[in-house]
Amino acid sequence: MKFFALPILMVAAVAATSSVAREAGDDIQVSAPSTVAVWSQTVSRELDREIGDKLNSYSMHGTTPTGVASVRFLASETGEPTAIEMTRKSPNSRLNSLARNAVSDLTLDPLPVGIEKDQVYIANIVVASDDEEYARHMATLRDDAQKRATMAGAKSQPIAFNVVRTAG
């Protein structure tokens, strides 16, 4: 079975700018990632790699798990995912396990400027067996994102990392 990866990224409206810290008299510069969008793309690629590696292992032990699984989490001071919880469980327990394990292996550090300590992250993992299933799952994710935005109003929006895999 051949798989294609297409990371899709939704980024919360968080103001972020690049920063350079310099100590008086030192020539050492420390730079943070320039924007939340650039950082989010980097994390999404890492999540996609984690899912790809784990999906190959899961597929070798049976059929490829398909469906949508969403994992909500926070980040520790060192960028490790904490308070990991499933917010959307797939009927396929293997996909739920894969999603949770992939998130727990992420590294979010260094966080970009503008990310608050209590920022909420959501990892949406979609594995579809065909175009019809893909379209159905993506419509569900779009509806969920719109509902979150409507319900949150002026509150900070979660940053969502989305990984979509379809069988070819």
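Nothing here was measured: the structure is a model prediction, and the numbers come from that model.

A.B. asks: Before we move on, can you summarise the overall build of the protein chain with the specific residues and values?
C.D. replies: On a plain count of helices and strands, the protein chain comes out with 3 helices and 7 strands. Listing the helices and strands of the protein chain from first to last along the sequence gives β-β-β-α-β-β-α-β-α-β. Expressed as a percentage of the 168 residues in the protein chain, the buried residues total 40%. Of the contacts made within the protein chain by residues no fewer than 6 positions apart, 74% connect residues no fewer than 24 positions apart. As presented, the protein chain carries roughly 9400 Å² of accessible surface, and 52% of it is formed by carbon and sulfur atoms.

A.B. asks: Break down helix α2 (residues 93-104) for me, with residues and values.
C.D. replies: The end-to-end C-alpha distance of α2 is 17 Å, a good match for the 16 Å that 12 residues give at a rise of 1.5 Å each. Measuring from the side-chain oxygen of the N-cap residue of α2 to the backbone nitrogen of Arg-94 gives 2.9 Å; that N-cap residue is Asn-92.

A.B. asks: Give a description of unusual backbone geometry that names residues and reports values.
C.D. replies: Omega for the peptide link from Asp-109 to Pro-110 comes to 5°, which places this bond in the cis form. You can see Pro-110 is positioned in the loop between α2 and β6 (121-128). Despite not being glycine, Ala-83 has its phi angle at roughly 50°, a positive value. Residue placement: Ala-83 occurs in strand β5 (residues 81-88). The partly exposed category is assigned to Ala-83, whose relative accessible area is 45%.

A.B. asks: Just give me the short version of the packing of aromatic side chains, but keep the residues and values in it.
C.D. replies: Considering all chains together, one arrives at 2 aromatic pairs under this definition. With a centroid separation of 5.5 Å and an interplanar angle of 25°, the aromatic rings of Phe-73 and Tyr-121 are classed as stacked. With a gap of 48 residues between them, Phe-73 in strand β4 (residues 67-75) and Tyr-121 in strand β6 connect regions that are remote in the sequence. Counting every residue linked through ring pairs, the aromatic cluster contains Trp-39, Phe-73 and Tyr-121.

A.B. asks: Let's hear about the pairing of β5: which residues, and what values?
C.D. replies: By the bridge criterion, 5 bridges tie β4 to β5 in an arrangement that is antiparallel. Considered in β5, the bridge of Leu-74 is made with Thr-82.

A.B. asks: Explain the nonpolar core to me, using residue names and the numbers behind them.
C.D. replies: Core analysis: the biggest nonpolar cluster contains 27 residues, and Trp-39, Leu-47, Phe-73, Tyr-121, Ile-125 and Phe-161 have the highest contact counts within it. Contributions of two or more residues to this core are made by α1 (36-60), β4, α2, β6 and β7 (159-167). Apart from the residues lying within four places of it in its own chain, the contact partners of Leu-47 are Ala-102, Val-103, Leu-106, Ala-123, Ile-125, Phe-161 and Val-163. Formed by 5 residues, the second largest nonpolar core is a distinct cluster that contains Val-126, Met-138, Leu-141 and Val-164.

A.B. asks: Can you tell me about the side chain of Glu-46, naming the residues and giving the values?
C.D. replies: Among the structural elements, Glu-46 can be located in helix α1. The buried charged residue Glu-46 lacks any salt bridge partner; its closest oppositely charged side chain belongs to Arg-49, at an N-O distance of 5.4 Å.

A.B. asks: Which residues make up the pattern of salt bridges, and what values do they have?
C.D. replies: The final tally for this structure, using the stated rule, is 5 salt bridges. As a salt-bridge pair, Lys-117 and Glu-77 come within 3.5 Å of each other at their nearest N and O atoms. On the criterion of sequence distance, the pair formed by Lys-117 in the loop between α2 and β6 and Glu-77 in the loop between β4 and β5 is long-range, its members being 40 residues apart. Residue Lys-117 is classed as exposed on the basis of its relative accessible area, which comes to 69%. The closest approach of N and O atoms between Asp-144 and Arg-88, which form a salt bridge, is 2.2 Å. Residue Asp-144 is located in helix α3 (residues 131-152), and its partner Arg-88 is located in strand β5; the two are separated by 56 residues in the primary sequence. Each of Glu-50, Lys-54 and Asp-105 takes part in salt bridges that share partners, so that together they form one network.

What counts and what doesn't
Residues numbered from 1 in each chain as written. Predicted model: local features only at pLDDT ≥ 70, side-chain atom pairs only at ≥ 80, totals over all residues. Heavy atoms only, no water. Helix = DSSP H or I, 4+ residues; strand = E, 2+ residues; numbered from the N terminus. Buried < 20%, exposed > 50% of the residue type's maximum accessible area, 1.4 Å probe, protein only. Contact = heavy atoms within 4.5 Å. Areas by Shrake-Rupley, 256 points an atom, 1.4 Å probe, with all protein chains shown as cover. Expected span 1.5 Å × (residues − 1). Polar contact = N/O pair within 3.5 Å; in protein donor to acceptor, adjacent residues only side chain to side chain. Phe/Tyr/Trp six-rings, centres within 6.5 Å; stacked < 30°, edge-to-face > 60°. Pairing = 2+ DSSP bridges. Core = buried A, V, L, I, M, F, W, Y, C linked by side-chain atoms within 4.5 Å. Lys, Arg positive; Asp, Glu negative; His and termini not counted. Salt bridge = Lys/Arg side-chain N within 4 Å of Asp/Glu carboxyl O.

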